[in-house]
Amino acid sequence: FHLFENDEHEMIEGICTRIDEHFNQQFTKNVQALATELLKHDLHNMILISDDSTLSTTTPLTFPKSQISKSTLELIKLLEKIIEQGKESGNMSEVHDAIKCVLESYTFSIQLHHSQLLTKIPQQTALFYNNCSYLSNWALTNQDLDFTNMGEVLHELKQQGEEFFECQVAKQKIQLLDIL
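All of the points below concern the structure found in this document. As the structure is a prediction and not an experimental result, all values here were calculated from the model.

**Observations concerning the overall build of the chain**
And then number 1: The helix and strand tally for the chain stands at 6 helices and 2 strands.
And then number 2: For the chain, the succession of helices and strands along the chain, N to C, is α-α-β-β-α-α-α-α.
And then number 3: If you take every contact in the chain between residues at least 6 apart in sequence, the share linking residues at least 24 apart comes to 72%.
And then number 4: When the accessible surface of the chain is split by element, carbon and sulfur atoms take 55% of a total near 11000 Å².

Given below as structure tokens:
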């Protein structure tokens, strides 16, 4: 006596064997949604970072004196909460996947929500540059994360900030030379 036909049995068996994959995908989507909401916050709400400040709860992060957006700090706090949950549950691989996804989409999300400000206001561009550098530094120095497979993501994050900054500097040079 069979409760299920072979096709139904194989389908249910396939779902059961991929349940972890489905959970990881949903977990990453939820983290991404939270991060995206944080990234919609204004960039110009800033916080001063200095050599002796430790704003991260899990990473002894030293960063040159500068300013970053408060939303970047909120994003890091969110990522640190996720790391703590991952350590408690023993599922750090899904935490790595979720954080990698957030960092990969960071520059896109910022450009999507703040493109006008980034291209027109030099202060916004400088903050974006600092935010990218700070996030990259945080990820590289976080002792709970293994980012050996994320070097490209972190390089891209930092490079995006640098490109926007260099473009803004070039625009400012042109404007100054036009005045002279």
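The discussion continues.
**Brief notes about the nonpolar core**
And then number 1: If you look at the biggest cluster of nonpolar residues, it comprises 33 residues, and the most contacted ones within it are L75, L103 and Y106.
And then number 2: If you list the elements that add at least two residues to this core, you get α2 (19-39), α3 (70-89), α4 (92-120), α5 (122-141) and α6 (151-179).
And then number 3: When residues in this core are grouped by element, the largest group, 9 residues, is from α4.
And then number 4: In contact with L103, not counting residues within four places along its chain, are L135, A139, M150, V153, L154 and L157.

**A short note on α5**
And then number 1: In this model α5 runs 28 Å from its N-terminal to its C-terminal C-alpha over 20 residues, within 8% of the 28 Å that 1.5 Å per residue would give.
And then number 2: Across the 20 residues of α5, 14 count as buried, placing the element largely inside the fold.

**Quick word on the packing of aromatic side chains**
And then number 1: All chains considered together, the criterion is met by 3 aromatic pairs.
And then number 2: Aromatic pair Y106 and F128: ring centres 6.3 Å apart, planes at 5°, arrangement stacked. Residue Y106 is found in helix α4, and its partner F128 is found in helix α5; the two are separated by 22 residues along the sequence. The same class applies to Y106 and to F128, which are both buried.
And then number 3: Note on F128 and F164: the rings are 5.2 Å apart at their centroids and 75° apart in plane angle, and the pair reads as edge-to-face. In this pair, F128 is assigned in helix α5 and F164 in helix α6, connecting sequence segments 36 residues apart.
And then number 4: In textbook terms, an aromatic cluster arises when at least three aromatic residues are bridged by ring pairs, as seen for Y106, F128 and F164.

**Notes on the packing of α3 against α5**
And then number 1: Close contact between α3 and α5 brings their axes to 10 Å; oriented N to C, the two are set at 20°. Classified by the angle their axes make, α3 and α5 are roughly parallel. Handedness of the crossing formed by α3 with α5: right-handed. From α3, T72, L75, I76, L79, E80 and I83 reach across to α5, where they touch N131, Y134, L135 and W138.

**A few points about a negative patch on the surface**
And then number 1: A cluster of acidic residues, E104, E152, E156, E162, E163 and E166, forms a negative patch at the surface.
And then number 2: Mapping E152 onto the fold places it in helix α6.

**Describing α3**
And then number 1: Compared with an ideal rise of 1.5 Å per residue, which puts 20 residues at 28 Å, α3 spans 29 Å between its outermost C-alpha atoms and is within 8% of the ideal.
And then number 2: Backbone geometry just after α3 places G90 at a positive phi near 80°.

**Looking at the environment of M150**
And then number 1: Locating M150 in the fold gives a position in the loop between α5 and α6.
And then number 2: Take M150: its relative accessible area is 1%, and that puts it in the buried class.
And then number 3: Taking C-alpha positions, M150 is 9.3 Å from H96, a pair spaced 54 residues apart along the chain.
And then number 4: Ignoring any residue separated from it by four or fewer positions in sequence, one finds M150 in contact with H96, K100 and L103.

Analysis parameters
Residues numbered from 1 in each chain as written. Predicted model: local features only at pLDDT ≥ 70, side-chain atom pairs only at ≥ 80, totals over all residues. Heavy atoms only, no water. Helix = DSSP H or I, 4+ residues; strand = E, 2+ residues; numbered from the N terminus. Contact = heavy atoms within 4.5 Å. Areas by Shrake-Rupley, 256 points an atom, 1.4 Å probe, with all protein chains shown as cover. Core = buried A, V, L, I, M, F, W, Y, C linked by side-chain atoms within 4.5 Å. Buried < 20%, exposed > 50% of the residue type's maximum accessible area, 1.4 Å probe, protein only. Expected span 1.5 Å × (residues − 1). Phe/Tyr/Trp six-rings, centres within 6.5 Å; stacked < 30°, edge-to-face > 60°. Axes fitted to C-alpha atoms, helices over the stretch in contact; angles between N-to-C directions. Parallel < 35°, antiparallel > 145°, perpendicular 65-115°, else oblique. Left-handed = near helix turned anticlockwise from the far one by under 90°. Patch = residues over 30% accessible without salt bridge, like charges linked within 9 Å, V, L, I, M, F, W, Y side chains within 5 Å. Salt bridge = Lys/Arg side-chain N within 4 Å of Asp/Glu carboxyl O. Lys, Arg positive; Asp, Glu negative; His and termini not counted. Charge placed at Lys NZ, Arg CZ, Asp CG, Glu CD.

Interpretation note: all reported values are geometric properties and have no functional meaning in isolation.
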